[in-house]
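# Fold and contact review
Here is what each chain is made of, one letter per residue.
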Amino acid sequence: MSLVLCLGLGQVSAQVVSSSTQQGLERYQSGDFQGAIAIWNNTLNQSPSEADRVILLKSLARVYSQVGQFEQSIASLNPVIANYQKIGDRVQLGRMLTEQAQAYSSLGQQRKAIAILCGEQPECKEGSALAIARQQSDPLGEAAGLGSLGNAYRLQGDYESALRSYSKSLEIAEKLQNSAYVIAAKNGLGNTYANLAKRDDRYAEFATETRDQTATGKFTRQARENDRTAIRFFEAVLIAARQQNKPIDQSHALLNLATSYRRSGLPIDSMIKQVDDLHDRLPDSRDKAYGLIRLANLWQPPSKLDPNVHCPAQTPAETVTLLQSAIAVSQRIRDSQAESFALGRLGHHYECQQNFTQALKLTQQAQLAAQNQSNRYLWDWQTGRILQAQGETAKAITAYENAVKALKEIRGDLAIASRDFQFDFRDVVEPVYRELTELQLLTTLNKTLEKQNNAASALETIDSLRLAELQNYLGEDCTITALPQSVALINDKTAVFSTIILKNRIAVILTLPQSQPIVRWIPAPSQTVRATVNDLRLKLEQRSDLANTYQEPAQQVYNWLIRPFAQELQAARIETLVFIQDGILRSIPMTALYDGKQFLVEQYAIANTLSLTLTDPTQLDQRSLKVLGFGLTKASTVPVSIFLAPLSFVKAELDRITKTIPGSKEFIDEAFTIDRLKQELTQNTFSIVHLATHGKFSIDSRETFLVTGKQISAAASKPYNEKLTMNQFYQILQTVEKPLDLLTLTACETAVGSDRDALGIAGISIQAGAKSAIASLWQVDDQATAELITQFYQNLNQGMGRAKALQAAQKSWLRQHSDARQHPGYWAALTLVGNWL
């Protein structure tokens, strides 16, 4: 439910005196939106006065939004906005800009909506909808603008900003005693807390995977508290909607309440019955069509799995009836997007019933109705699943490829799409790529030429998945620019490993120079892989483990990934291995894999990349090496009261680096600030930025940060250290003309066992515009890191490439230290991501 200005369609008949216009208004009020559109467009063609033309266009814009035709709504609003600018009606100008922003928001273009409403500034920019409303002392327009801004922030995933905007809107609406705006603002607040609850539930799942019971408990408690807050707002909306006799608002509130109740494990039967009764009395509309679809989902047994792609234990007859009703409503109002979704959901019902003929028929109808809309990929994917179930593998692959193509077209919106049917990447995006890859690789068992083509296609699909994962992780904070083609292997001494973890096995693809990809299937269930990798990761961090218990899981992972290809690697005389890892495999360093006698790094230089299309293949220019180093040595604190120990060897680390690389600069403790970092990068040229400070790579890019030395005073608590977020770093690096050759982060850490955390290392590198990054996967030994990284820079300065320089530093450590300090916990945490040359 959006916060919109009152439609005011009753003005039309008073100002445009014609029987046809009155008929259009009657059609609109009866729910015949297409009839109203036809009549009003016809009236426009009769050359009405400018004032009447503006009113007709405003009415058309609003009715277009009612049927999901947001592009047409925007097109109708543009001349209205131009007219109000021309005649100087600033109040109406501000209000129309708000309606235009709402339409862009409905299209998923949240940045555009925010720019129109306010802009990314503390004080809204001149000419924005909110700035105009405030200048004109138009509280109604300001309340609408703030509510629309809250919607845009919520759909973007910026929940804190959404809560602020909705709260301000509610405050104004209550002063105005405008019940419609009060209802809309409270509904927005409820939706935001419901989104936070869903996010916290997802975080709890990640924490469970990492075996972090403390974090699991914390996120679960937060989720239920957010659900309780959402429920309070939805209950307030329901009471107000009943008092105002607004059945559509009652329906929204009940559907939202039922969703939050279900997530909290509370009964919802009475709510479902109430919504069902309400819908019998509602006129046809887009809201009614989507309400019927939501209600159909609520009739099914509760499940954490997305109902769009997973089969429920049972499907009540009411679900089918409601979906059929949603199709009928959508067809009557000619809303193709709602019709597509209802048809597709009904097709999925028959897919689950294994009635593949009917399922395919309905799914194809959904595809036709979807046209180029964002849910088209769902029905291409569903078609692929149905065809594969019927044994039509070739046709299934084509359908899956269409789904991936559609996903690529909307990839920029995937991170922010969050309407009633919010994308959940793990459930409704990632499986498309995985299932297509599995089909492509399975067909490699066929003829030689087809085998080669399908293996290459599988690699492209994996690459597309990696890009989609990274975009989903970064959200709108970063625009990813891929190279036109994957880079070549650069030289005949480099091999690339690509892995993809499937339900019951791992597919490992080795690409050697001037050779076709080699595919091997490893019979290891995904749960076994996750448990083994988590076990290895935990044991790698235990530097006090004198029994070297890491060796068993390290050898197991070696046996999965490397041993099946050992002969090919030796025959090709490979020196460097580049890994494009899947999921949990990103959380461990390949350098520490063990063949029973030696570590993998003792045989090969090793690098990682999320995608070859993100890898700039240029050689490092040793002549231009210059390091900008920032470090934190003192104990620090970040909100909320997280104490971080001092880093005693950071000063020595930076001193050695600046001594090794002439022209380098270092800033320690209080001198390490965001402002100083920005100043140095904009006024000087550095090829390397080295940040020796505490940092955290989180499952949410917004919670990934580095700690600076600047102390910030807090009114009610002790001072805490400033945090440098990924987005802030990205904004700073956008002003630097020459991209960084290397970003080095020491003393940072990722969480154990979360494949999403490991995206943070690649993500911060991409955001920084760096060709490569070196970061630590766990809390490292301060002294060991200082020695290793100094040796690494010395190797770079002597002409080695990035991967070989790190390999040489780690091999040198192994040679120079006793058995106890040969434990990988000391030297293996540092991992290279990106360009390895």
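Rules and cut-offs
Residues numbered from 1 in each chain as written. Predicted model: local features only at pLDDT ≥ 70, side-chain atom pairs only at ≥ 80, totals over all residues. Heavy atoms only, no water. Core = buried A, V, L, I, M, F, W, Y, C linked by side-chain atoms within 4.5 Å. Buried < 20%, exposed > 50% of the residue type's maximum accessible area, 1.4 Å probe, protein only. Contact = heavy atoms within 4.5 Å. Pairing = 2+ DSSP bridges. Helix = DSSP H or I, 4+ residues; strand = E, 2+ residues; numbered from the N terminus. Disulfide = S-S within 2.5 Å. Axes fitted to C-alpha atoms, helices over the stretch in contact; angles between N-to-C directions. Parallel < 35°, antiparallel > 145°, perpendicular 65-115°, else oblique. Left-handed = near helix turned anticlockwise from the far one by under 90°. Salt bridge = Lys/Arg side-chain N within 4 Å of Asp/Glu carboxyl O. Expected span 1.5 Å × (residues − 1).

### Observations regarding the nonpolar core
Within the largest apolar cluster, 118 residues are counted, with the highest numbers of intra-cluster contacts made by Leu-569, Leu-600, Phe-792 and Tyr-793. Beyond its immediate sequence surroundings of up to four residues, Leu-600 is in contact with Tyr-558, Ile-562, Leu-577, Phe-579, Met-590, Thr-591, Leu-593 and Ile-606. Core analysis: the second largest hydrophobic core is formed by 78 residues, Trp-381, Leu-387, Ala-403 and Leu-407 among them.

### Concerning the pairing of strand 3 (residues 518-522)
Pairing geometry for strand 2 (residues 506-511) and strand 3, over five bridges, is antiparallel. Each residue of the ladder has a partner; that of Ile-506, found in strand 3, is Ile-522. Between strand 2 and strand 3, which pair antiparallel and follow one another directly, the connecting turn spans six residues, one of which, Gln-514, has a positive phi of 55°.

### So, the state of the cysteines
Counted by the stated rule, this structure contains two disulfides. Residue Cys-311 pairs covalently with Cys-352 via a disulfide, S to S 2.1 Å. Its torsion about the S-S bond being -90°, the disulfide of Cys-311 and Cys-352 is classed as left-handed. Taken together, the residues Cys-311 in the loop between helix 15 (286-299) and helix 16 (317-333) and Cys-352 in helix 17 (residues 336-352) connect sequence positions 41 residues apart. In the chain, the bonded cysteines, numbered by position in the sequence, are linked as 1-2, 3-4.

### A look at the environment of Ala-296
By the element assignment, Ala-296 lies in helix 15. Judged by relative accessible area, which is 0%, Ala-296 ranks as buried. When the C-alpha positions of Ala-296 and Asn-83 are compared, they lie 44 Å apart, and in sequence the two are 213 residues distant. If we skip the residues at most four places from it in the chain, Ala-296 touches Thr-319, Leu-322 and Leu-323.

### Observations regarding the side chain of Thr-192
Its place among the elements puts Thr-192 in helix 11 (residues 179-209). Once residues lying within four places of it in the same chain are set aside, the contact partners of Thr-192 are Arg-154, Tyr-159, Ala-162, Leu-163 and Tyr-166.

### Here's the deal with the packing of helix 25 (residues 526-541) against helix 26 (residues 551-561)
One can describe the packing of helix 25 onto helix 26 by two numbers: an axis separation of 9 Å at closest approach and a directional angle of 135°. With respect to helix 26, the element helix 25 is oriented oblique. At the point where helix 25 passes helix 26, the crossing takes the left-handed sense. Mapping the contact onto sequence places Thr-528, Val-529, Thr-532, Asp-535, Leu-536 and Lys-539 in helix 25 and Pro-553, Ala-554, Gln-556, Val-557 and Trp-560 in helix 26.

### Points about the pattern of salt bridges
Counting across every chain of the model gives 36 salt bridges. As a salt-bridge pair, Asp-32 and Arg-27 come within 3.4 Å of each other at their nearest N and O atoms. Looking at Arg-27, the relative accessible area reads 36%, which means it is partly exposed. For Asp-741, the salt bridge is made with Lys-771, and the minimal N-O distance between the two is 3.3 Å. Here the residue Asp-741 occupies a position in the loop between helix 30 (726-733) and strand 13 (742-750), and Lys-771 occupies one in the loop between helix 31 (759-767) and strand 14 (772-776), the gap between them amounting to 30 residues. Exposure remark for Asp-741: the relative accessible area of 4% places this residue in the buried category. One salt-bridge network, in which partners are shared between bridges, spans Glu-430, Arg-434, Arg-466, Glu-469, Asp-582 and Arg-586.

### Some words on helix 19 (residues 376-389)
Between its terminal C-alpha atoms helix 19 stretches 20 Å, which fits the 20 Å expected from 14 residues at 1.5 Å a residue. Taken across its 14 residues, helix 19 has eleven buried, putting it largely inside the fold. Of all the residues in helix 19, the buried ones are Tyr-377, Leu-378, Trp-379, Asp-380, Trp-381, Gln-382, Thr-383, Gly-384, Arg-385, Ile-386 and Leu-387.

### Some remarks on unusual backbone geometry
In this structure, Gln-177 takes a positive phi of about 55° despite not being glycine. On the secondary structure map, Gln-177 appears in the loop between helix 10 (159-176) and helix 11. With relative accessibility at 72%, the residue Gln-177 sits in the exposed group.

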